[in-house]
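Residue-level structural notes
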Amino acid sequence: MTQQPTWLEQARDAERRGDVEAEAAILRAAIQADRANIAAILAMAELQRSLQDDRAAGTFYRLALGTAAQMGNVPTSLHPGLQRAEQFIVASERAFADHLLGQLRGAGIDARTAAPRVAEALRLLAGEQQVYLQQPNMFYFPGLAQRPVFDRAMFDWVPAIEAATDAIRAELLALTDIASDRFGPYVTAAPNRPPPNNPLLDKPDWGAAWLWKDGKVADGMDLLCPATLAALECAPQPVIPGRAPLALFSRLTPGTHIQPHHGMLNTRLICHLPLVVPDGCGLRVGPETLGWTEGELLIFDDSFEHEAWNRGTSDRTVLLFEIWRPDIDADEREQLTRIFSAIDSYSE
């Protein structure tokens, strides 16, 4: 009995004959018969590329790469084709971005001068920026604006706290001069819980001197830092028994890098009042890389992926505290307070 030629043999025969329609039909049939047939998918991409249909080629190359990623263990014979796919995708995305931005410049639209949201959309479309979204690891509140960083001019209480910067810094420096250092590791393990998988666990590299912790003023801080605590009263801090307010002096020693991570909630914003900031320090929140300016509040949503570093030669210290998001109204805040209290009471 004569053995029927395989799809690959049939496709190669059609290619030798120059019968593009037959070759495409054979490859479509092979892909339909086996959706994980990476070799057929790559062959279809190459065919579309030879026909100068780069958009079609790109869709098949992406399908091949996605299928390979799901498969995991891909035969080595397919590696060269997958490498070509990756190279083609990179080149085509760059060509698309150049075409798009060229067309828009001709129409008087430029990512540098467009409205902020339009400019961001252009960067996303051109592949110049990754999409970052709120991803809190404990509680998600729906319907909030996906905004990683907030302009401090939005908040009428900011000037009062910034005006107290010198007094707050003086209390911080006095705190570090006393014999019993109030700073301890920020990342610690809770009793009877697995330790967090964090390289800064129990290390002083990321230090915390707590002012408010677990909803209470930390022991002795009312005497050591009265000006700081008074300034914090200006901010709309959550008040949740056993949980909030939360405030601390946060210190990073030289060479420390807080790895990318997400905060617990998207119902709050994190505020940094920079007090001692050497050169070489920075913070990334979502797509935005920021620097600290002493005495100017920086306000961000820590449910976005964020990281921080000190590449300087001395310690960086900020006053860190949390506030309610401004787009959560009073009734919602009251109900959320009850929800968080109920969550915390579960283990009691």
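Here, every reference points to the structure presented above.
First, a word on scope: everything that follows refers to the structure included in this document. Remember, predicted model here, so these are calculated numbers, not experimental data.

Scoring rules and cut-offs
- Residues numbered from 1 in each chain as written.
- Predicted model: local features only at pLDDT ≥ 70, side-chain atom pairs only at ≥ 80, totals over all residues.
- Heavy atoms only, no water.
- Helix = DSSP H or I, 4+ residues; strand = E, 2+ residues; numbered from the N terminus.
- Rg over C-alpha atoms; globule rule 2.2 N^0.38 Å.
- Contact = heavy atoms within 4.5 Å.
- Lys, Arg positive; Asp, Glu negative; His and termini not counted.
- Charge placed at Lys NZ, Arg CZ, Asp CG, Glu CD.
- Pairing = 2+ DSSP bridges.
- Axes fitted to C-alpha atoms, helices over the stretch in contact; angles between N-to-C directions.
- Expected span 1.5 Å × (residues − 1).
- Buried < 20%, exposed > 50% of the residue type's maximum accessible area, 1.4 Å probe, protein only.
- Core = buried A, V, L, I, M, F, W, Y, C linked by side-chain atoms within 4.5 Å.
- Salt bridge = Lys/Arg side-chain N within 4 Å of Asp/Glu carboxyl O.

This part is about the overall build of the protein. Each helix and strand counted, the protein has 11 helices and 12 strands in total. In terms of C-alpha radius of gyration, the protein reaches 28 Å, well past the compact-globule figure of 20 Å for 348 residues. Taking the contacts inside the protein whose residues are at least 6 apart along the sequence as the reference set, 70% of them involve residues at least 24 apart. Between the averaged position of the 31 positive side-chain charges in the protein and that of its 46 negative side-chain charges there is a distance of 4 Å.

Let us look at the sheet that holds strand β9 (residues 288-290). Pairing is antiparallel in the open sheet, where four strands are placed in the order β6-β11-β8-β9. Edge strands, defined here as strands with exactly one partner in the open sheet, are β6 (257-261) and β9. Across this sheet, the average inter-strand angle for adjacent strands is 10°, counted without regard to direction. In this structure, β6 lies alongside strand β11 (residues 306-310), joined through three bridges in antiparallel fashion. Within β11, the position partnered with H257 by the bridge is W309.

On to helix α5 (residues 79-106), then. For α5, spanning 28 residues, the distance from its first C-alpha to its last is 41 Å, which sits close to the expected 40 Å at 1.5 Å a residue. All buried positions along α5 are accounted for by G81, L82, A85, F88, I89, A97, L100, L101 and L104. Considering only its buried residues, α5 is in contact with α3 (38-50), α4 (54-71) and α6 (116-125). Of the residues one or two after α5, G108 is the one with positive phi, at around 85°.

Take the nonpolar core next. Core analysis: the largest hydrophobic core is formed by 54 residues, its most contacted members being W157, F249, L297, I299, L319 and F321. Excluding residues within four positions of it along the chain, L319 makes contact with I168, L211, T228, L232, L248, F249, C271, H272, L273 and L275. Counting residues in hydrophobic clusters, the runner-up holds 24 residues, among them A30, L42, L82 and F88.

On to the pattern of salt bridges, then. Evaluated as defined, the whole model comprises 16 salt bridges. With a shortest N-O distance of 2.2 Å, R17 and D13 are connected by a salt bridge. Of the two residues, R17 and D13 both sit in helix α1 (residues 7-17), four residues apart, roughly one turn of that helix.

Our focus in this paragraph is unusual backbone geometry. Geometrically, the link from A244 to P245 is a cis peptide bond, its omega value of 10° lying close to zero. Considering the arrangement of structural elements, one finds P245 in the loop between α10 (226-232) and β5 (247-252). One non-glycine residue, D202, adopts positive backbone phi at about 60°. We classify D202 as partly exposed; its relative accessible area is 48%. The phi angle at D214 is positive, at roughly 55°, despite the residue not being glycine. Locating D214 in the fold gives a position in the loop between β3 (206-213) and β4 (216-217).

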